[in-house]
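The primary structure of each chain is shown beneath.
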Amino acid sequence: MLRAMKGAEFVAEMETTLWQILSVRDVALSRLAETAGRADMAALLRGALRNEMEASEIAARWMPETTDLEAKLAFARQAGDEARHFQLISRRLVDLGVDAGDAFVVADERSRLYRYFESLTTTVERIAATQFTREAIGYKSNELFIAYCEACGDVETAKMYRESIQPDERHHHLWGKDAIARLASGEAEQANAKKAILATLELAEELRSLAAGRLLVETPPGC
């Protein structure tokens, strides 16, 4: 049986794989000029509210049952950060003249990605799926969405994402990276973490493709 890599080696390999996969999305930048203004900005932001609410709720759900203190506090912080993002986006929708009150989806209409997160039982899987992977996906998606906003001339939405949302997404991902290096020290933990990372990437891409088709833009915010 092969010896398990050290946690730092494992997470470095996963980090390289993650960003290589996500870099494929950059091709959308070459088509910004032809897609600018095609989508309804309010519809894009209403979709972002669902992502933020789901991210907040899954972190809050895991926090009480997490025994690792560092992870428990990280889930608590993430729940609060994502809720704050929800509020920021809601206020931006109001500025655009849209009532955001019913924009997020209720409990019996959760996304397939959320349902997958619910199935995870270990702390290392949960961190690998959400903070390490989903937050990296969110960061990349928001990076492209900011470029889209600027191409549309919506400097306020771009500023909100760049200054108030992206720093949190980056923090969550980097914390997840450090946590996996610490927690995924054995072969079983590394196998479970890798499975969670790849499953999250697959489901997130499926959701992104569906949203892109519905909203007529390749660069919706969030995952």
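What counts, and where the lines are drawn
- Residues numbered from 1 in each chain as written.
- Predicted model: local features only at pLDDT ≥ 70, side-chain atom pairs only at ≥ 80, totals over all residues.
- Heavy atoms only, no water.
- Helix = DSSP H or I, 4+ residues; strand = E, 2+ residues; numbered from the N terminus.
- Rg over C-alpha atoms; globule rule 2.2 N^0.38 Å.
- Axes fitted to C-alpha atoms, helices over the stretch in contact; angles between N-to-C directions.
- Parallel < 35°, antiparallel > 145°, perpendicular 65-115°, else oblique.
- Left-handed = near helix turned anticlockwise from the far one by under 90°.
- Contact = heavy atoms within 4.5 Å.
- Nonpolar A, V, L, I, M, F, W, Y, C, P; charged D, E, K, R; others polar.
- pLDDT = per-residue confidence, 0-100.
- Buried < 20%, exposed > 50% of the residue type's maximum accessible area, 1.4 Å probe, protein only.
- Expected span 1.5 Å × (residues − 1).
- Polar contact = N/O pair within 3.5 Å; in protein donor to acceptor, adjacent residues only side chain to side chain.
- Arc of directions from axis to C-beta.
- Core = buried A, V, L, I, M, F, W, Y, C linked by side-chain atoms within 4.5 Å.

S.K.: When you look at the overall build of the chain in this model, what are you seeing that I'm missing?
M.R.: From N to C terminus, the chain includes eight helices and zero strands. Counting helices and strands in the order they occur from the N terminus, the chain gives α-α-α-α-α-α-α-α. Scaling as 2.2 N^0.38, a compact globule of 223 residues should have a C-alpha radius of gyration of about 17 Å, and the chain matches this with 17 Å. Along the first, second and third principal axes, the C-alpha atoms of the chain reach 55 × 35 × 30 Å.

S.K.: Help me understand the packing of helix 3 (residues 41-62) against helix 4 (residues 69-95), please; the structure alone is not making it clear to me.
M.R.: Each pair of packed helices can be summarised by the angle the axes make with each other and by the distance between the axes. At a minimum axis separation of 8 Å, helix 3 and helix 4 run at an interaxial angle of 160°. With respect to their mutual orientation, helix 3 and helix 4 come out roughly antiparallel. As for how helix 3 packs across helix 4, the hand of that crossing is left-handed. For the pair helix 3 and helix 4, contact is made by Ala42, Leu45, Arg46, Ala48, Leu49, Glu52, Met53, Ala55, Ser56, Ala59, Ala60 and Trp62 and by Phe75, Gln78, Ala79, Glu82, Ala83, His85, Phe86, Ile89, Ser90, Arg92 and Leu93, respectively. When its residues are assigned to classes, the contact of helix 3 with helix 4 shows 15 nonpolar, four polar and four charged.

S.K.: I tried to follow the confidence of the model for the chain on my own but got confused; where do I start?
M.R.: The predicted coordinates of low-pLDDT regions are not to be read in fine detail. Overall, the prediction assigns the chain a mean pLDDT of 90, with 91% of residues at 70 or greater. Confidence scores differ between elements of the chain, with helix 2 (residues 32-35) showing the lowest mean pLDDT of 76 and helix 7 (residues 155-183) the highest of 97.

S.K.: Hey, could you run me through the environment of Thr67 in this one?
M.R.: If you trace the backbone, Thr67 turns up in the loop between helix 3 and helix 4. The exposure class assigned to Thr67 is exposed, which follows from its relative accessible area of 78%. As a C-alpha pair, Thr67 and Arg46 span 21 residues in sequence and 35 Å in three-dimensional space.

S.K.: Which parts of the structure should I look at to understand the packing of helix 3 against helix 6 (residues 123-152)?
M.R.: Look at helix 3 against helix 6: their axes get within 12 Å of each other, and the N-to-C directions meet at 160°. With respect to their mutual orientation, helix 3 and helix 6 come out roughly antiparallel. Considering only the axes of helix 3 and helix 6, their crossing is left-handed. For the pair helix 3 and helix 6, the contacting residues are Met41, Leu44, Leu45, Asn51, Glu54, Ala55 and Trp62 in the first and Arg126, Thr130, Arg134, Phe145, Tyr148 and Cys149 in the second. Class assignment of the residues belonging to the contact of helix 3 with helix 6 gives a composition of eight nonpolar, two polar and three charged.

S.K.: Can you walk me through helix 3 in this structure?
M.R.: The α-helix advances 3.6 residues per turn, and as a result positions three or four apart in sequence lie on the same side. An ideal rise of 1.5 Å per residue puts 32 Å on 22 residues; helix 3 measures up with 32 Å between its terminal C-alpha atoms. Sitting at the amino-terminal end of helix 3 is Asp40, which places a side-chain oxygen 3.0 Å from the backbone nitrogen of Ala42.

S.K.: It is not clear to me how helix 1 (residues 7-22) should be interpreted in this structure. Could you clarify?
M.R.: In this model helix 1 runs 22 Å from its N-terminal to its C-terminal C-alpha over 16 residues, within 8% of the 22 Å that 1.5 Å per residue would give. Among all positions in helix 1, only Gly7, Phe10, Val11, Met14, Glu15, Leu18 and Leu22 are buried. Angular distribution of buried residues about the axis of helix 1 spans 135°; they occupy a single face of the element.

S.K.: Please clarify how the side chain of Arg126 should be interpreted in this entry.
M.R.: Inspection of the secondary structure assignment puts Arg126 in helix 6. Excluding residues within four positions of it along the chain, Arg126 makes contact with Trp62, Glu65, Phe75, Leu120, Thr121 and Gln131.

S.K.: In this structure, what is going on with the nonpolar core? I would like to understand it.
M.R.: Nonpolar side chains in soluble globular proteins generally cluster together in the buried interior. Counting 35 residues, the largest nonpolar core has Tyr116, Phe117, Ile127, Phe132 and Ile180 as its most contacted members. Put simply, the parts of the chain that give this core at least two residues each are helix 1, helix 3, helix 4, helix 5 (112-119), helix 6, helix 7 and helix 8 (187-215). With near-sequence residues (within four places) excluded, Ile180 lies in contact with Phe10, Val11, Ile127, Ala128 and Phe132. Among the nonpolar cores identified, the runner-up in size contains 24 residues, and Ala42, Ala48, Phe86 and Leu93 belong to it.

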